Amino acid sequence: MSYQLYRNTTLGHTLQESLDELIQYGQITPQLACKVLLQFDKSINQTLATRVRSRLTFKAGKLNTYRFCDNVWTFMLNDVEFREVQEIIKIDKVKIVACDGKNVEGEGPSKK
């Protein structure tokens, strides 16, 4: 099973709202909606792992908190500077959730 982190994105929320609406109108079953979400998890994880080539670096002024649980790192950073080639973006607070990408291909544990 793939990580479910991307369900909490705009795309993931929109998909879930659309599926809920289809269930409400009786056009699909809840079981089919669940299958669609599982396919979304698998597809988005695989696509991001294989098709995204851009690189980004960042530097944080302060590591506020960090946690490692069930092979998932969570970092809370303050005063973060992101850099891509010539573009620089500064942000006050950032939460980074990092999962083991090797679990995307296989049968890794489900997250979030």
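Residues numbered from 1 in each chain as written. Predicted model: local features only at pLDDT ≥ 70, side-chain atom pairs only at ≥ 80, totals over all residues. Heavy atoms only, no water.

- Going by what an unreviewed UniProt entry lists, the chain is known as Transcription initiation factor IIA subunit 2 and is assigned to Nicrophorus vespilloides.
- In its Function (unreviewed entry) section, the UniProt record describing the chain reads: "TFIIA is a component of the transcription machinery of RNA polymerase II and plays an important role in transcriptional activation."
- What UniProt states about the chain under its Subcellular location (unreviewed entry) heading is, verbatim, "Nucleus". (UniProt positions renumbered as here; feature names shortened; annotations may be inferred.)

1. Quick notes on the confidence of the model for the chain
Phase 1 of the analysis: With 88% of its residues at a pLDDT of 70 or more, the chain has an overall mean of 86.
Phase 2 of the analysis: Per-element confidence in the chain is highest for helix 1 (residues 10–24), whose mean pLDDT is 95, and lowest for helix 3 (residues 102–105), whose mean pLDDT is 53. (pLDDT = per-residue confidence, 0-100. Helix = DSSP H or I, 4+ residues; strand = E, 2+ residues; numbered from the N terminus.)

2. Brief notes about the side chain of Asp41
Phase 1 of the analysis: Mapped onto the secondary structure, Asp41 falls in helix 2 (residues 30–51).
Phase 2 of the analysis: Within polar-contact distance, the side chain of Asp41 engages the side chain of Arg7 at 2.5 Å.
Phase 3 of the analysis: Filtering out sequence-adjacent residues up to four positions away, Asp41 remains in contact with Ser2, Tyr3, Gln4 and Arg7. (Polar contact = N/O pair within 3.5 Å; in protein donor to acceptor, adjacent residues only side chain to side chain. Contact = heavy atoms within 4.5 Å.)

3. Concerning the sheet that holds strand 3 (residues 87–99)
Phase 1 of the analysis: Judged by pairing direction, the sheet is antiparallel, and its three strands sit side by side in the order 1-2-3 without closing on themselves. Either end of the sheet is taken by a strand with one partner, and the two such strands are strand 1 (57–69) and strand 3. Here the strands of the sheet are splayed against their neighbours by 10° on average, with no regard to which way each runs. (Pairing = 2+ DSSP bridges. Axes fitted to C-alpha atoms, helices over the stretch in contact; angles between N-to-C directions.)

4. Some remarks on the environment of Lys90
Phase 1 of the analysis: Mapped onto the secondary structure, Lys90 falls in strand 3.
Phase 2 of the analysis: As a C-alpha pair, Lys90 and Ala60 span 30 residues in sequence and 9.6 Å in three-dimensional space.
Phase 3 of the analysis: For Lys90, the residues in contact, after removing those within four places along its chain, are Val80 and Glu81.

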